[in-house]
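What follows is the residue order along each chain.
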Amino acid sequence: MPSNSATTEPNPERSKIITVPRVIVASRMDRERADAEHVLESLTKAFGRAVTPLQMVIGKEKNFKGVVDLVRMKARLYELGGNGKGKETDIPEDLKAAAQEAHERLVELVAEGKDELMEEFFEKGTIPEEDLIPALHEAIREDRIFPVLFASGLGNVAADEVMDFIVDYVPAPVERDIVLGDPGSNGAPPARKASDAEPGSLYVFKTVSDPFSGRVSHFRVFSGVLKNDAMVQNFERNSSEKFAHLSVMQGKTAVPVAELHAGDIGAVAKLKDTLTGDSLGDKASPIRYPHIKLPEPAITFAVEPKSRADEDKLSSGLHKLMEEDAMLRFFRDPQTNEFLIAGTGQQHIEVAVARLKKRYHAEVILKAPKVPYRETIRGKADVQGRHKKQSGGHGQYGDCKIKMEPLARGGQFEFVNAIFGGSIPRNYIPAVEKGIRDTAARGYLAGFPVVDFKVTLYDGSYHDVDSNDLSFQVAGRIAFRKAMEVAKPTLLEPVMAVEITAPDEFAGSIMGDLNSRRGRIQGMDNKGGNTIVRAEVPMAEMLTYGVDLTAMTQGRGSFNMEMNHYDVVPAQLQDKIVEKARAARGDVKEEDE
């Protein structure tokens, strides 16, 4: 199938099991600054000399009106924005010399590695069309060349040439040797050949919701024959599914079929358990095909329902969207308690929100997520927490002495009981720990959880009548707050590991921008005309980075990031963050009891 991806240098010796043919289609050739030569230069730099144009463009940008077929050496002209039906004609005079040169390079590349073709090439100086077409088909199948085509989708130019090319040159599924599944219990991966004679197996690669048909599963039959009303085993969920009313999709129209063969792509509605990524097939011959590796989300927004009615529909609607879009994430941040939606880019999120409104009538507001700051200490403390209350009858009494010290990043919280001699009864010690944990979770500076510290309980006192669990919990809270006052509390912020890919000419702008975001550059690589920058950047500085990167690189840059570690917030920023957090919470500091 056509793809816009390719490997680096092709290796003809690779096993056919892992060889995936590629076709590169450069669309939007009618756009401003669209340049076929620049496209080929970038592709060749990235993927090597196996990148081979099979067409030349006729006209540039808004004057793009057709292509030259470098195999048949004919031109095909179109009307930009017309009906998409091309008219075959001779190659324009001003392109004949360049087309002949490109044709000769194509013939030479196809002939490489095939002795009989090389002999014919040296003998005749070319390869006849009747021999070149099957030779080109074989070269694509063996991953020896990556053909490049040109078209305009919106302009309806050369789209029919792309489709004809797929039919004439791209290998059919049955030409693939075998497909391996995930290793079984015996460690050996099961295999299937794309043949009707093999046991049935299929892979669900897409799920969509239809207002009339419900959930529609799109799948590819890898082996065997799938007939209408067949019972098929879902190997992921260990359940059976009935494939009733099989169809093939023609655009949005489902065309009913009686059966599907190996290599066919079909659709079926209303499967009860099956989701995207599931493998199904003959129960007697189980196989689970490897899941498609999807990119991690690059951007996250907080999502808030507009009304109480929207809140009731939000979760169910988003979960249905996630069934059909595996790159969409929806979760709740346990620290900030915000609902978060994550995707590959801002446009991806906005499309999902538009679908949520249209299909499930749930309206939401998108906003930047809160940064999950944390608090910690940099110094030590040795304090006493005493709670004493007398109000007639039984009173309350709890007294504890603790030492507090910092732990390494990621140490969370450690409680050590160092009581000797029974100064605090054993049954009250968990109450002291609980009081400290509860208060640490509510924070000291700005309400963020306190982490990476150690508390040692080493002394205290109690009263035979007035002491109880609650009293020692309160004593623990008092001791914690007193310790925080002297242990040099500070804020921690999440730092993201970021990888940015952009054309070389934007490298300087990206580096300068990262420095302005308090980023630390960890390394740089260059690959195929693109600069890959790896850096560590505070999350607070990356909330709108997707939009900014698009503006900086004219839409040609991409990035991904993941949580890396927590680090201390610079002193000049801490006061602003603390003040803002307290204002948002309407915070009033607790007083010692």
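Before going into details, it helps to say that this report is about the structure given with it. (Residues numbered from 1 in each chain as written. Predicted model: local features only at pLDDT ≥ 70, side-chain atom pairs only at ≥ 80, totals over all residues. Heavy atoms only, no water.)

Quick notes on the packing of aromatic side chains
Definition in use: Pairing of aromatic side chains requires ring centres within 6.5 Å, counting the rings of Phe and Tyr and the six-membered ring of Trp. Pairs whose planes differ by under 30 degrees are stacked, by over 60 edge-to-face, and all others tilted. In this description a helix means any DSSP run of H or I spanning at least four residues, a strand means any run of E spanning at least two, and both kinds are numbered starting from the N terminus. When a residue's accessible area, from a 1.4 Å probe over protein chains only, is under 20% of the maximum for its type it is buried; when over 50% it is exposed; and in between it is partly exposed.
With the rule as written, the count across this model stands at 9 aromatic pairs. Centre to centre, the rings of F219 and F243 are 5.4 Å apart; their planes meet at 80°, and the pair counts as edge-to-face. Remark: F243 occurs in strand 14 (residues 239-243) and F219 occurs in strand 11 (residues 214-223); sequence separation between them is 24 residues. The buried category is assigned to F219, whose relative accessible area is 0%. The exposure class assigned to F243 is buried, which follows from its relative accessible area of 0%. Between Y373 and F448, the ring centres sit 5.4 Å apart and the planes meet at 55°, which makes this aromatic pair tilted. Of the two residues, Y373 sits in the loop between strand 23 (364-367) and strand 24 (374-377) while F448 sits in the loop between helix 8 (429-442) and strand 28 (453-461), which places them 75 residues apart along the sequence. Taken as a pair, Y373 and F448 share a single burial class, namely buried.

Description of the sheet that holds strand 28
Quick reminder of the rule: Pairs of strands are assigned from DSSP output, requiring at least two bridges between the strands. Between N-to-C directions, angles span 0 to 180 degrees; the directions come from axes that are lines fitted to C-alpha atoms, helices contributing only their stretch in contact. The contact definition used throughout considers only heavy atoms, calling two residues in contact when any of these lie within 4.5 Å.
Taken together, the 4 strands give an open sheet; going across it, the order is 25-26-28-27, and neighbouring strands pair in mixed fashion. Each edge of the open sheet carries a strand with a single partner, namely strand 25 (381-389) and strand 27 (413-417). The mean inter-strand angle of the sheet, taken between neighbouring strand axes irrespective of direction, is 25°. Inspection of the sheet shows strand 25 paired to strand 26 (residues 396-406) by 9 bridges, in the antiparallel sense. Each bridged residue has a counterpart across the sheet, and for K388 the counterpart in strand 26 is Y397. The sheet strands contacting helix 8 are strand 26, strand 27 and strand 28, and the helix crosses strand 27 at an angle near 160°. Sitting on the sheet, helix 9 (residues 469-486) touches strand 25, strand 26 and strand 28, and the angle it makes with strand 26 is about 35°.

Let's talk about empty space enclosed by the protein
Condition: With a 1 Å grid laid over protein atoms only, a set of points is called a cavity when a 1.4 Å probe fits there but cannot get out and a pocket when it is open yet has protein on both sides within 12 Å along at least five of seven lines; lining residues have an atom within 4 Å of a point. Grid points are joined across faces, edges and corners, and a volume is the space filled by probe spheres set on the points. Each residue is assigned to one class: nonpolar for Ala, Val, Leu, Ile, Met, Phe, Trp, Tyr, Cys and Pro, charged for Asp, Glu, Lys and Arg, and polar for all the others, Gly among them.
Under the defined criterion, the tally for this structure stands at 1 cavity of 30 Å³ or more. In this structure, the largest cavity occupies an estimated 40 Å³ of space. Along its surface, the largest cavity is lined by M29, A34, D35, A36, V57, G59, K60 and E61. Residues belonging to the lining of the largest cavity are distributed by class as follows: 4 nonpolar, 1 polar and 3 charged.

With respect to the environment of L117
Within the secondary structure layout, L117 lies in helix 3 (residues 115-124). For L117, a relative accessible area of 11% corresponds to the buried category.

A few points about a negative patch on the surface
Test applied: For patches, a residue must show more than 30% relative accessible area and have no salt bridge; joins then use 9 Å for like charges and 5 Å for nonpolar side chains, namely Val, Leu, Ile, Met, Phe, Trp and Tyr. Computed with a 1.4 Å probe, the accessible areas rest on the Shrake-Rupley method; for each residue, only the protein chains presented here act as cover. By salt bridge we mean one thing: a side-chain nitrogen of Lys or Arg within 4 Å of a carboxyl oxygen of Asp or Glu. Neither His nor the chain ends is counted toward charge; the positive residues are Lys and Arg and the negative residues Asp and Glu. The atoms used to mark charge sites are NZ of Lys, CZ of Arg, CG of Asp and CD of Glu.
A contiguous patch of negative charge, built from D115, E116, E119 and E123, is present on the exposed surface. On the secondary structure map, E123 appears in helix 3.

Regarding the packing of helix 8 against helix 9
Each pair of packed helices can be described by the angle between their axes along with the distance between the axes. Stated precisely, the cut-off is as follows: By definition in this entry, angles of less than 35 degrees are roughly parallel, angles greater than 145 are roughly antiparallel, angles of 65 to 115 are roughly perpendicular, and the rest are oblique. Crossing chirality is assigned from the near helix's rotation relative to the far helix, an anticlockwise turn below a right angle marking it left-handed and a clockwise turn marking it right-handed.
Between helix 8 and helix 9, whose axes approach to 7 Å, the crossing angle comes to 45°. Relative to helix 9, the element helix 8 lies oblique. Between helix 8 and helix 9 lies a crossing of right-handed hand. The segment helix 8 lies against helix 9, with A431, V432, K434, G435, I436, T439, A440 and R442 engaging D469, F472, Q473, G476, R477, F480 and R481. Partitioning the contact of helix 8 with helix 9 into residue classes produces 6 nonpolar, 4 polar and 5 charged.

Description of the nonpolar core
To keep it simple, the criterion reads: Side-chain atoms within 4.5 Å are what join buried Ala, Val, Leu, Ile, Met, Phe, Trp, Tyr and Cys residues into a set we call a nonpolar core.
In this structure, I402, M404, I436, F453, L457, I510 and F559 are the most contacted members of the largest nonpolar core, which totals 55 residues. Every residue in contact with I402, bar those within four places of it in the chain, is listed here: A381, D382, V383, I436, V455, T456, L457, Y458, A479, F480 and A483. With 52 residues, the next largest nonpolar core counts F64, V110, A139 and A158 among its residues.

Some points on the sheet that holds strand 23
On the basis of which strands lie adjacent, the open sheet formed by 4 strands has the order 21-22-20-23 and antiparallel pairing. Every interior strand has two partners, whereas the edge strands, strand 21 (329-332) and strand 23, have only one. Taken pair by pair, the neighbouring strands of this sheet meet at an average axis angle of 35°, ignoring direction. Judged from the 4 bridges that link them, strand 20 (residues 299-305) and strand 22 (residues 339-343) form a sheet pairing that is antiparallel. Within strand 22, the residue paired with I299 across the bridge is G343. Relative to strand 21, helix 6 (residues 308-324) is tilted by about 140°, and along the sheet it contacts strand 20, strand 21, strand 22 and strand 23.

Observations regarding helix 11 (residues 545-553)
How we decide: The arc in question is formed by the directions pointing from the helix axis toward the C-beta atoms.
Restricting attention to buried positions, one finds in helix 11 the residues Y545, G546, L549 and T553. Each buried residue of helix 11 lies within a common arc of 100° when the element is viewed along its axis, so the set occupies one face. For helix 11, the elements touching its buried residues are strand 29 (489-503), helix 10 (507-516) and strand 32 (558-568). After helix 11 finishes, the residue Q554 shows a positive phi value of roughly 60°.

Keep in mind these values describe shape, not function.
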